[in-house]
Amino acid sequence: MGLVSGDLRRHSCGYFLHGVLAHLGACGCEVWVFETHADATPDSKTARLRALVPPPRWVSLVGVDTVGAVARVRAAG
């Protein structure tokens, strides 16, 4: 499963995703996260989310055009 978001920090989306990512990981689902927000400064919530999605499944799409972003998501399967 792939999730694309620009709010992977102390934001309502980040708080919501924490429980979802924890549950999906415990179920054995392979989750990929694609972050998109260039101005988002990683914070403590970002660190907790990253701990639930180990590398290389946390991918930054910051600065990548639409065609490149689609290619990266497709390459992840």
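Our subject in this report is the structure included herewith.

One side chain can pair with another of opposite charge once the charged atoms of both are near each other. Under the definition given, this model contains three salt bridges. Arg-9 is the partner of Asp-7 in a salt bridge, and the nearest nitrogen-oxygen pair spans 3.3 Å. By relative accessible area, which is 21% here, Asp-7 ends up partly exposed.

Attention now goes to the sheet that holds strand 2 (residues 32-35). Strands in a sheet are paired, the pairing made by backbone hydrogen bonds, and the direction either parallel or antiparallel. With respect to topology, three strands assemble into an open sheet ordered 1-2-3, the strand pairing being parallel. This sheet does not close on itself; its edge strands, each paired only once, are strand 1 (2-5) and strand 3 (58-60). Mean inter-strand twist for the sheet, computed between neighbouring axes without regard to direction, equals 20 degrees.

Turning to the environment of Arg-9, a few remarks are in order. Examined against the element boundaries, Arg-9 turns out to sit in the loop between strand 1 and helix 1 (12-26). Of note is the side chain of Arg-9, whose polar atom sits 2.7 Å from the backbone oxygen of Gly-6.

Procedures and definitions
- Per chain, residue numbering runs from 1 following the sequence as it is written.
- Thresholds applied to this predicted model are a pLDDT of at least 70 for local features of residues and 80 or more for the giving and counting of side-chain atom pairs; totals over whole chains, interfaces and linings are not thresholded and use all residues.
- As a rule here, side-chain values cover all heavy atoms of the structure and leave hydrogens and water aside.
- We define a salt bridge as a side-chain nitrogen of Lys or Arg found within 4 Å of a carboxyl oxygen belonging to Asp or Glu.
- Each residue is assigned to one of three classes by its accessible area relative to the maximum for its type, calculated with a 1.4 Å probe on protein chains only: buried under 20%, partly exposed between the two thresholds, exposed over 50%.
- Two strands make a pair as long as DSSP finds a minimum of two bridges between them.
- Only DSSP runs of H or I covering at least 4 residues are called helices, and only runs of E covering at least 2 are called strands; the numbering of each starts at the N terminus.
- For helices, the fitted axis covers only the stretch in contact; all axes are lines through C-alpha atoms, and the angles between them, taken along N-to-C directions, range from 0 to 180 degrees.
- Definition of a polar contact: a pair of N or O atoms within 3.5 Å, with one able to donate and the other able to accept a hydrogen when the atoms are protein atoms, and with sequence-neighbouring residues admitted only if both atoms are side-chain atoms.

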